[in-house]
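# Architecture at a glance
Here are the chains, one letter per residue:
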Amino acid sequence: MCATCGCGEGETRVTTIGPASTKGDHEHPHDHEHPHDHEHPHDHEHPHGATAHRRTHTVDIETAILAKNDELAADNRRWLAERNIAAVNLMSSPGAGKTTLLERTIRENVAGRTIGVIEGDQETLFDAERIRAA
């Protein structure tokens, strides 16, 4: 699941790093077993000391991060559907053509439907003025 927005399967995994082992022998999954109080040859870096072998703990959390948003969105979809209202959410990078698309859609409204636009530009009113003019 995306940790930012909550999309996906509805679960997330958190891994934390715990304190390092200071003991010679320790318990953790290992592809070889040996005491850690002596040097030994193998083909990978394997430091032995106070900071070696940090312990990790993985916790699976099966919850939707944005569950409340999902509920609100479902309520909105239901409310719109009951009133036979089509809603479109246009999001894209600045300059991608969203306002131009809206202007053209409004001008070519051959079905004569009522069109409402919620403008979300937080910097200027330019796009809102263009939509109003259309």
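Criteria and thresholds
Residues numbered from 1 in each chain as written. Predicted model: local features only at pLDDT ≥ 70, side-chain atom pairs only at ≥ 80, totals over all residues. Heavy atoms only, no water. Helix = DSSP H or I, 4+ residues; strand = E, 2+ residues; numbered from the N terminus. Axes fitted to C-alpha atoms, helices over the stretch in contact; angles between N-to-C directions. Parallel < 35°, antiparallel > 145°, perpendicular 65-115°, else oblique. Left-handed = near helix turned anticlockwise from the far one by under 90°. Contact = heavy atoms within 4.5 Å. Buried < 20%, exposed > 50% of the residue type's maximum accessible area, 1.4 Å probe, protein only. Arc of directions from axis to C-beta. Polar contact = N/O pair within 3.5 Å; in protein donor to acceptor, adjacent residues only side chain to side chain.

### A look at unusual backbone geometry
Positive phi, close to 55 degrees, is recorded for Asn 84, a residue that is not glycine. Within the secondary structure layout, Asn 84 lies in the loop between α1 (67-82) and α2 (98-107).

### Examining the packing of α2 against helix α3 (residues 126-133)
For any two helices packed against each other, one specifies the inter-axial angle together with the distance between the axes. One can describe the packing of α2 onto α3 by two numbers: an axis separation of 9 Å at closest approach and a directional angle of 15 degrees. Here α2 is positioned roughly parallel relative to α3, judged by the angle of their axes. The handedness of the crossing between α2 and α3 is right-handed. Two secondary-structure elements touch here, α2 through Thr 99, Thr 100, Leu 102, Glu 103 and Ile 106 and α3 through Asp 127, Arg 130 and Ile 131.

### Focus: α3
Within the sequence span of α3, burial applies to Asp 127, Ala 128 and Ile 131. Each buried residue of α3 sits inside an arc of 100 degrees when the element is viewed along its axis, so together they form one side. Away from its buried face, by an angle of more than 90 degrees, α3 presents the exposed residues Phe 126, Arg 132 and Ala 133. The inward-facing, buried residues of α3 abut α2.

### What about the side chain of Asp 127?
With respect to the helices and strands, Asp 127 occurs in helix α3. Within the local environment of Asp 127, its side chain forms a polar contact with the side chain of Thr 99, the two groups lying 3.3 Å apart. Each residue touching Asp 127, except ones within four places of it in the same chain, is listed here: Thr 99, Glu 119 and Asp 121.

### Some thoughts on the side chain of Thr 99
For Thr 99, the position within the fold is in helix α2. A relative accessible area of 10% means that Thr 99 is categorised as buried. Each residue touching Thr 99, except ones within four places of it in the same chain, is listed here: Asp 127, Arg 130 and Ile 131.

Shape is all these values report; function is a separate question.
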